[in-house]
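# Remarks on the overall topology
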Amino acid sequence: MATVQDIQIPDPAARTAQAAAELQDVQGEKMVLNMGPSHPATHGVLRLVLELDGEVITRADPDVGYLHRGDEKIAENMTYTQFIPYTDRLDYLAPLANNVAYALAVEKLLGIEKQLPPRCQYIRVMCAELARISSHLLGVGAFAMDVGAMTVFLLIFTEREKIYNLAESLSGARFTTSYTRIGGVMRDLPPGWLDQCRKFCDEVIPAIDEVETLLTRNRIWVDRLRDLAVISKTDAIDYGLSGPNLRGSNIDWDLRKKQPYLCYSDLEFDVPIGAVGDCYDRYLVRMEEMRQSVRILQQCIQKIPGGADNKTKEPTCRTEKLYCRRSRT
Amino acid sequence: MKFGDLISELVEFRGEITLNVSDAEKIAEVCRYAKNDLDFNYLVDISSLDNYGEDPRWTVVYHLRGMTHGHELRLKTDVSEEKSELPSVVTIWNTANWHEREIYDMMGIRFRGHPDLRRILMWEGYPYFPLRKDFPLAGKSSDLPGVAFTQPAPLEGGPFVTVAGGEDAIHREPRVRNPDE
């Protein structure tokens with residue numbers, strides 16, 4: 001099985017410079033093409049005004065307002081708790097992660113983030129990592145579909161379905177989870193959830209392996225992605241890229257390591273970074289991040305305070321003002 | 001520091017450090033210094049506040065981060081409503097381009113020296129700045145014909161609005177409220 005480390009990249013700087021120089025040579029009449037706002041390959045409503053020179057895009061003007069819902073304005077008119085359901089809809093591929101991020105922000109504002117019950121921290125980390133896997137799976141799947149590899153898209157949806165099932169037994173909703181509360185989560189883990197999650201971890205790794213077998217060493221895939229859309233280290237920082245796109249450009253920056261929150265400092269995981277910053281690197285980073293997320297999930301299942309059925313039966317809170325709701329089952 | 005009175009004392013809140021820049025005209029200079037000499041090479045975000053009913057009305061907030069040393073810094077500067085303009089920082093961080101366009105679109109604060117200051121979320125020609133405090137939640141009708149959703153949104157069924165600090169639980173109860181109430 002190919003891993004990130006085996007892939008040799010001889011002299012990336014010279015190769016990418018050559019690729020950039022080839023682009024400079026292209027000459028001809030420019031054409032303006034409207035892509036979107038609902039092109040099937042844009043995955044979300046985006047309109048691009050493209051300026052083409054043959055098959056090379058020389059300028060792109062993105063029109064991003066189609067999904068503007070005025071969340072800030074809505075939030076202005078609400079209490080902090082009321083806004084939680086809206087965070088599901090910010091990034092509809094990873095609602096659990098949005099719930100967690102929003103709850104953490106409000107808790108930091110109130111100065112109560114240090115008092116979060118340890119069990120809750122582990123639950124939230126598991127939510128965030130499940131959301132990461134779900135989001136990366138779709139990212140890679142849709143990416144492969146656009147390049148023409150339809151199979152991957154179908155494969156990853158089987159795995160995403162399992163994540164939806166986990167979210168459903170956690171919060172009652174598959175998509176719009178609204179799972180966190182300010183100072184805690186909606187309810188404790190339901191009985192058997194950790195076993196379900198362990199099973200998912202065992203099943204998702206072979207699925208990721210299968211995707212890698214289909215893509216990582218695939219000649220068509222590599223030829224189409226290598227040296228494509230190279231984002232240099234300086235550009236990545238200058239344009240404020242974040243997450244796997246930033247790490248794909250050879251920058252070792254992960255907030256889970258650099259500014260650890262929740263219980264991330266107790267967990268072991270590696271941060272993959274790309275070598276050149278081309279599309280292939282960004283793909284590899286995502287694949288490896290999913291494996292690391294599974295590793296984090298497995299540690300959480302082992303280490304979660306209270307164990308599978310929270311034997312203490314008491315949410316551990318240090319102040320009286322905070323409370324967690326438990327299911328009656 | 002080389003800026004003397006321009007920069008306020010450090011304000012620390014929840015472990016985050018904020019500096020106030022008293023003259024908005026100097027913000028680009030301060031940012032350039034922060035990037036070149038203090039190595040804050042990453043611009044996380046630019047946001048804007050509407051202190052409605054106060055003077056100066058706008059506050060523009062810059063969130064900076066240094067990728068090499070890992071520290072974060074927030075710069076705040078006030079802009080009056082009559083002026084509603086301050087220098088752009090696009091030449092310092094390219095990512096400021098879209099952030100400044102968004103602030104212009106939502107709040108109507110202009111950035112001098114911006115290469116392409118157009119609306120980014122709302123359509124070209126939209127007459128209002130929807131994130132201002134005096135813009136109602138339901139929206140306002142605009143007289144552009146042929147553009148979808150120009151009527152105020154019907155609020156039956158939500159979104160439900162709470163009145164912060166209402167006198168009792170009944171008044172604070174979230175319910176449909178019209179802008180003129």
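Because the structure is a prediction, the values reported are computed rather than measured.

## What about the overall build of chain A?
Within chain A, the regular secondary structure consists of 12 helices and five strands. In chain A, which comprises 329 residues, the proportion classed as buried is 31%.

## Quick look at the interface of chain A and chain B
On the chain B side, the residues contacting the 20 residues of chain A number 20 residues. For the side of chain A that touches chain B, the leading source of residues is helix α2 (residues 71–76) of chain A, giving three residues. Here the side of chain A that touches chain B is composed, by residue class, of seven nonpolar, eight polar and five charged.

## Side note on the pairing of strand β3 (residues 56–63) of chain A
Residue and element names in this part refer to chain A. Across the eight residues that make up β3, only a small minority, zero, are buried. Taken together, the seven bridges between strand β2 (residues 47–53) and β3 define a ladder with antiparallel strand orientation. What sits directly across from Glu51, in β3, is Arg59. Between β2 and β3, which follow one another and run antiparallel, lie two residues, and Gly54 among them has a positive phi close to 65 degrees.

## Digging into the sheet that holds strand β1 (residues 30–35) of chain A
Either a parallel or an antiparallel arrangement is found when strands of a sheet pair, and the pairing is made through backbone hydrogen bonds. Residues and elements named next belong to chain A. The antiparallel open sheet is built from three strands, whose spatial order is β1-β2-β3. The open sheet terminates on both sides in strands that have one partner only, identified here as β1 and β3. Averaged over neighbouring strand pairs, the angle between their axes works out to 20 degrees when direction is ignored.

## Thoughts on the domain arrangement of chain A
Here the domain parsing of chain A yields domain 1 (27–65) and domain 2 (79–303). A separation of 29 Å is found between the C-alpha centroids of domain 1 of chain A and domain 2 of chain A.

## Things to note about the nonpolar core
Residues and elements named next belong to chain A. With 55 residues, the main nonpolar core has Leu96, Val125, Met126, Cys127, Leu130, Val140 and Tyr283 as its most contacted residues. Listed by contribution, the elements that provide at least two residues to this core are α4 (95–110), α5 (118–147), α6 (150–171), α7 (193–215), α8 (219–225) and α12 (279–303). With 14 residues, the single largest contributor to this core is α5. Residues contacting Met126, with those up to four places away along its chain left out, are Cys197, Leu297 and Cys300.

## Re the domain arrangement of chain B
All names here are of chain B. Domain annotation of chain B identifies domain 1 (4–135) and domain 2 (136–181). Counting residues at the interface gives six residues for domain 1, matched by five residues for domain 2. A per-class count over the side of domain 1 that touches domain 2 returns five nonpolar, one polar and no charged.

## Some remarks on the sheet that holds strand β3 (residues 42–50) of chain B
Residues and elements named next belong to chain B. Ordered by their spatial adjacency, five strands build an open sheet running β1-β2-β5-β4-β3, and the pairing between neighbours is mixed. Looking at which strands have only one partner, the edges of the open sheet turn out to be β1 (11–13) and β3. Between one strand axis and the next, the sheet turns by 25 degrees as a mean value, whatever way the strands run. Note: strand β2 (residues 16–21) against strand β5 (residues 72–79), four bridges, orientation parallel. Each residue of the ladder has a partner; that of Thr18, found in β5, is Arg74.

About the thresholds
Within each chain, residues carry numbers counting from 1 in the order of the written sequence. To label them, take the chains in the order written and letter them from A, then take the ligands in the order written and number them from 1. Selection of residues for local features in this predicted model requires a pLDDT of at least 70, selection of side-chain atom pairs for listing and counting requires 80 or more, and totals for whole chains, interfaces and linings are taken over all residues. Elements are defined by DSSP. Helices are runs of H or I of four residues or more, strands are runs of E of two residues or more, and each kind is numbered from the N terminus. Residues are called buried when their C-beta atom has 20 or more other C-beta atoms within 10 Å, exposed when it has 12 or fewer, and partly exposed otherwise; all C-beta atoms are positioned from the backbone. Any two residues are considered in contact once their C-beta atoms, placed from the backbone, lie within 7 Å. Each residue is assigned to one of three groups, with Ala, Val, Leu, Ile, Met, Phe, Trp, Tyr, Cys and Pro labelled nonpolar, Asp, Glu, Lys and Arg labelled charged, and all others, Gly among them, labelled polar. Strand pairing is defined by DSSP finding a minimum of two bridges between the two strands. Note on geometry: axes are lines fitted to C-alpha atoms, helical ones only across the stretch in contact, with angles between N-to-C directions running from 0 to 180 degrees. Just so you know, the domain bounds were taken from an automatic or database domain assignment. Among buried residues, those of type Ala, Val, Leu, Ile, Met, Phe, Trp, Tyr and Cys that are joined through C-beta atoms within 7 Å form a set called a nonpolar core.

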